[in-house]
Amino acid sequence: MEEHRSSGGKFSWPPRLPKWGLRDRTNFRIGMLFLLPWTIGFLVFTLYPMVASLVYSFSIYHSRAPLEWVGLQNYADMLKDDLFWKSLSNTLYMVAIGVPLTLLASFLCAVLLNLKVRGQAFYRVVYFLPSIVPTVASTILWLWILNPQGGILNTLLHQVGIDGPNWMSNPLWAKPGLIILGMWGMGGTIVIYLSGLQDVPLSLLESAELDGASWWQRLWNVTVPMVSPITLFNLITGVIAMFQYFAQAYVFRGSHGLGYPLNSTLFYSVYLYQNGFLWLKMGYASALAWVLFIIILVCTLLLLKISDRFTYYAG
Amino acid sequence: MKKIHAVIAIIILAGMVLSACGGAPAATQAPAAATEAPAQPAADAKVLRVWIQWGDNPQQIQALFDKYTALSGVKVEVTAPVEPEKLLPALTGSEPPDILVLSGGDLVKSYHKEKLVAELTEIVKTGGIDLTDFYPAPLAACQSGDQILCLPWGTDVYALFWNKDMFEAAGLDPNTPPKTMEELVQFSEKLTKVSADGTIEQVGFLPDQAWSHSPDIYLRMYGGFWFSEDATKLTANSQPVLDALQWQQQFYTKYGADKMLAFSSGWGDAYMSADYPFYTGKLAMYVDGEWMTGPNFISKFKPEASYGVAAFPPPADHPERASTATVSGTVVVVPEGGQNKDAAAKLLAWMMSPAVVAEEFCFNANLPTSKKAAEDKCFTENPKFKVFLDIMASPNAKPIITTPVSLEFIDAWGVVEEQVLHTGADPKPLLDQLQADFEPKLADALK
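Worth saying up front: this structure is predicted, and the values here are computed from it rather than measured. Throughout, residues of each chain are indexed from 1 in the direction in which the sequence is written. Note on labels: chains are lettered from A, ligands numbered from 1, in written order. Two thresholds apply to this predicted model, a pLDDT of at least 70 for residue-level local features and 80 or more for giving and counting side-chain atom pairs, whereas whole-chain, interface and lining totals are computed over all residues.

Caption draft 1: A look at the interface of chain B and chain A. Listed per partner, the contact involves 30 residues of chain B and 30 residues of chain A. Numbering goes from the N terminus for both helices and strands, where a helix is a DSSP run of H or I of at least four residues and a strand is a run of E of at least two. Contributing elements (two or more residues each) for the side of chain B that touches chain A: α1 (2–21), α4 (84–92), α12 (257–265) and α19 (406–423) of chain B. Among the elements that take part in the side of chain B that touches chain A, α1(B) stands out by supplying eight residues, more than any other. All amino acids are sorted into three groups, where Ala, Val, Leu, Ile, Met, Phe, Trp, Tyr, Cys and Pro are nonpolar, Asp, Glu, Lys and Arg are charged, and the leftover types, Gly among them, are polar. The class makeup of the residues in the side of chain B that touches chain A is 15 nonpolar, seven polar and eight charged. What counts as a contact here is a pair of residues whose C-beta atoms, placed from the backbone, lie within 7 Å.

In structure tokens:
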């Protein structure tokens, strides 16, 4: 047992806490009362469903009959399930390509929007606006933009001599189409980068300029390291969001089945939804959810671990 | 004393939080029954809840059920349309709707297996529902052995639509549709236009357009289906299934799947608009349901359209399969957890009465499942709609065969069909794989 040193220098267990007066106790109770709504919400709507889904993941779920305990069967089935691997690889594609591309684009946009030019506020509003458009509406809009016949994007590509691909029904191009769609709504990430750019000390930039550093050198050697904590934040939230990618894929298939074309947009969360709510395999869906939770947890911890190498905290 | 106050405050606060977060079912409870006579038998319920999966016009549906209220004094609260993801939580919850109207019967066997919906034999007896008034095919889709798992309430069949102007322009008789599936292929070639650079400008027939392949009319025409007639065996790699896929594939391979897809995916989701390719002269023939002949589709979006409707043609060597069709559509189930089963039985009987069926499905232009309702002028006066009525009454009209794995299977089938049609893949190994994947799943589900 670990021993604690009391204020008097003697060792005692349990440690003695300072005595609370009446006011302290009242404050504590009132504080707890204010915390109660959140606590109840957390227990009932987060913790209980999580624990329940963990239990379900080891069973075949029957809504009006007792659970059938199957041990690790659901997890073992995943290993043999082609659609599980397909959905995981589709999701990893989006995480590995979509997230870095979006980060890069939003950083560059933020740098441009940080330039002291006339109409700066207007440009910032323009870039932020798409991010407040509801996901379903923006996805439907992009279905028109990506339409292979008469869509704006392919029409523009045609103008420069490129035969635009069939974004919606070619399995090779469906995910890139979704990434472009996602980049259109990156206003939130841009705003976070902008706030980071405001914090880059002018003195450093001016010193670099006096030393003869070019615009590019100042950006690469001063700005990028200074906003690296912001990059880490955007990276982690972007990765988590991408692992849970659902709404755009759900709408993007149009009147076709989930995953159209050829399961190329069958992302992990879409497959989880399909199992749980369409095929009534709630136990298997719960196991899928827990595997996703573990994947996200591991990825986040890995990113935090390796972030030491590229993140600079000025403080 | 202070402690008592604190405890009371906590209880009140907790109650407020729970009631705020719990999606209070205030509007969906039966306040009259609950407050005036809590011990009343279920048959005297004053409020019944009906959930309907479809419903472009909820006011019209509510107005229909208000007529039941006027007759019986029982208030009926209609929720329509209900999104598919709400069905499972509702059925498993403590207060499911008293009656649930589903767009299709695909999930009914799964729901019944999970004890989510009631077997209806007793309810049919209690309500005095006349089963002989139902068309056999849609009713059969609701039966499993001796059990009645649902009742059809309006249904759908599918037929061939052709654009007469495009037929005329291609030198075909505008009043004569193809008589066989082989002739349909020839007609399609005459009706397809390809520009000098290989771009497709007009298509004769597209086998997977709209509702043409779900449920699959082509399988039935080739004499098979995904499942055996008794729904106990998977026949995914049987010869009829293979033949049907190969027949569909030729429409893509002849002109190049990429070019066909570039052409068809450009139409977007124009089903309910004047831009639909059948109206704009881009698609000459396709398969669709009876509702297209009603007031809400062709006559609304392209009133001047000159088109014909006929039963889908059979293969040349099987003329006896004329008017073969799979009947599938709306079904009504009674959730197992419903608290007012007797009252629900009475409402169900009213819903199934010929006058109510006629009123609702005249409005929606769907096929009435009641034979007496089908005599209503609104169904028989429209010769194009009559084509569908005749198909449903044909002995070749078959119920859709469903199993507890139907939905999962149909999703997998969709991918196989995509691979065959859109990438030119050989269907045989894909069907063998599909059979190998789902045979154990079906066996497992039927245990």
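Don't stop here, the text continues.
Caption draft 2: Molecular detail of the environment of Gly308(B). All names here are of chain B. The residue Gly308 is located in strand β11 (residues 307–310) in this model. Around each residue's C-beta, the other C-beta atoms within 10 Å are counted; 20 or more make the residue buried, 12 or fewer make it exposed, and counts in between make it partly exposed. All C-beta atoms are placed from the backbone. A tally of 18 C-beta atoms within 10 Å means that Gly308 is categorised as partly exposed. Placed ten residues apart in sequence, Gly308 and His318 show a C-alpha to C-alpha distance of 23 Å. The contact partners of Gly308, leaving out residues within four places of it in the chain, are Trp162, Lys164, Asn175 and Pro177.

Caption draft 3: Expanded view of the confidence of the model for chain A. The pLDDT value tells you how sure the predictor is about a given residue, anywhere from 0 up to 100. Taken residue by residue, chain A gives an average pLDDT of 92. The fraction at 70 or more is 96%. Contacts for the low-pLDDT stretch residues 1–8 of chain A, under 50 throughout, to residues beyond four places or in other chains number eleven contacts.

Caption draft 4: The pairing of strand β10 (residues 283–289) of chain B, seen in detail. Residue and element names in this part refer to chain B. Within β10, seven of the seven residues are buried, which leaves the element mostly enclosed by the surrounding structure. A strand pair is defined by DSSP finding two or more bridges across the two strands. As paired strands, strand β7 (residues 158–163) and β10 are joined by five bridges and run antiparallel to one another. Among the inter-strand pairings, Phe161 is bridged to a residue of β10, identified as Tyr286.

Caption draft 5: View of the nonpolar core. The biggest cluster of nonpolar side chains holds 126 residues, and the ones touching the most others in it are Ile99(B), Val157(B), Ala159(B), Val332(B), Val333(B) and Leu348(B). The biggest single contributor to this core is helix α15 (residues 341–352) of chain B, with seven residues. If we skip the residues at most four places from it in the chain, Val332(B) touches Ile99(B), Val101(B), Cys150(B), Leu151(B), Trp153(B), Leu348(B) and Met351(B). Each nonpolar core reported here comprises buried Ala, Val, Leu, Ile, Met, Phe, Trp, Tyr and Cys residues connected via C-beta atoms within 7 Å. Counting residues in hydrophobic clusters, the runner-up holds 36 residues, among them Ala174(A), Leu280(A), Tyr284(A) and Ala285(A).

Caption draft 6: How the structure looks around the sheet that holds strand β9 (residues 200–205) of chain B. Residue and element names in this part refer to chain B. Ordered in space as β8-β9-β10-β7-β11, the five strands form an open sheet in which the pairing is mixed. Since the sheet does not close on itself, it has two edges, and those belong to β8 (193–194) and β11, each with one partner. Note that β7 and β11 share four bridges and pair antiparallel. By the bridge assignment for β11, Trp162 is matched with Gly308. Here the axes come from fitting lines to C-alpha atoms, over the contacting stretch only for helices, and the angles between their N-to-C directions go from 0 to 180 degrees. Packed on one face of the sheet, helix α9 (residues 181–191) meets β9 and β10 and runs near 160 degrees to β9.

Caption draft 7: Fine view of the domain arrangement of chain B. All names here are of chain B. Residue ranges assigned to the domains are those given by an automatic or database domain assignment. On domain assignment, one finds that chain B holds domain 1 (42–156 + 328–399) and domain 2 (158–326 + 405–446). Just the C-alpha atoms count here: the centres of domain 1 and domain 2 sit 29 Å apart. Contacts between domain 1 and domain 2 engage 18 residues on the former and 21 residues on the latter. Going through the elements one at a time, α18 (383–393) and β14 (397–399) are the ones with two or more residues in the side of domain 1 that touches domain 2. The element contributing the most residues to the side of domain 1 that touches domain 2 is α18, with five residues. Residue composition of the side of domain 1 that touches domain 2, grouped by class: eight nonpolar, six polar and four charged.

Caption draft 8: Seen up close, unusual backbone geometry. In this structure, Pro261(A) follows Tyr260(A) across a cis peptide bond, with omega equal to 0 degrees. Mapped onto the elements, Pro261(A) comes out in the loop between α12 (247–252) and α13 (268–278). Omega for the peptide link from Ala80(B) to Pro81(B) comes to -5 degrees, which places this bond in the cis form. Non-glycine residue Asn263(A) carries a positive phi angle of around 60 degrees. Take Asn263(A): it is sitting in the loop between α12 and α13.

Caption draft 9: Structural detail: the sheet that holds strand β3 (residues 99–102) of chain B. All names here are of chain B. The five strands lie next to each other as β2-β1-β3-β13-β6, forming an open sheet whose pairing is mixed. Looking along the sheet, the strands with just one partner apiece sit at the ends: β2 (75–79) and β6 (151–152). In terms of strand pairing, β3 meets strand β13 (residues 331–333) through three bridges, oriented antiparallel. Each bridged residue has a counterpart across the sheet, and for Leu100 the counterpart in β13 is Val333. In the packing of helix α3 (residues 58–72) onto the sheet, contacts are made with β1 (47–52) and β2, and the angle to β2 comes to roughly 165 degrees.

Caption draft 10: Quick look at the domain arrangement of chain A. Domains assigned within chain A are domain 1 (4–56) and domain 2 (75–310). Here the C-alpha centroids of domain 1 of chain A and domain 2 of chain A sit 39 Å apart.

Caption draft 11: The pairing of β2(B), seen in detail. All names here are of chain B. Pairing of β1 with β2, which is carried by five bridges, proceeds in the parallel orientation. Counted as the bridge partner of Leu48 is Val76 from β2. Since β1 and β2 lie parallel, the crossover through α3 that links them has a hand, and here it is right-handed. A crossover gets the label right-handed when its path from the first strand over the helix to the second runs clockwise, viewed with the strands pointing away from the viewer.

Caption draft 12: Structural view of the packing of helix α2 (residues 73–80) of chain A against helix α14 (residues 282–310) of chain A. Residues and elements named next belong to chain A. Between α2 and α14, whose axes approach to 9 Å, the crossing angle comes to 75 degrees. Taken together, the axes of α2 and α14 are roughly perpendicular relative to one another. Counted together, Asn74, Tyr75, Asp77 and Met78 of α2 and Gly283, Tyr284, Ala287 and Val291 of α14 form the full contact between these two elements. Of the residues that constitute the contact of α2 with α14, the class distribution is five nonpolar, two polar and one charged. Each angle gets one of four labels, with under 35 degrees taken as roughly parallel, over 145 as roughly antiparallel, 65 to 115 as roughly perpendicular, and the rest as oblique.

Caption draft 13: How the structure looks around the confidence of the model for chain B. Of the residues in chain B, 89% have a pLDDT of 70 or more, and the chain-wide mean is 87. The ipTM value of the predicted complex is 0.81, and its pTM value is 0.84.

Caption draft 14: Region of interest: the environment of Leu88(B). Inspection of the secondary structure assignment puts Leu88(B) in helix α4. Taking the C-alpha atoms as reference, Leu88(B) lies 37 Å from Glu375(B); in sequence the two are 287 residues apart. Leave out the neighbours within four places in its chain, and Leu88(B) touches Phe277(A) and Leu280(A).

Caption draft 15: Region of the structure containing α4(B). Residue and element names in this part refer to chain B. The set of residues buried in α4 consists of Leu87, Leu91 and Thr92. Buried residues of α4 fall within an arc of 105 degrees about the axis and therefore sit on the same side. Of the exposed residues in α4, the ones pointing more than 90 degrees away from its buried face are Glu85 and Pro89. Looking at the packing, one finds that the buried side of α4 touches α5 (108–113). This arc corresponds to the set of directions leading from the helix axis out to the C-beta atoms.

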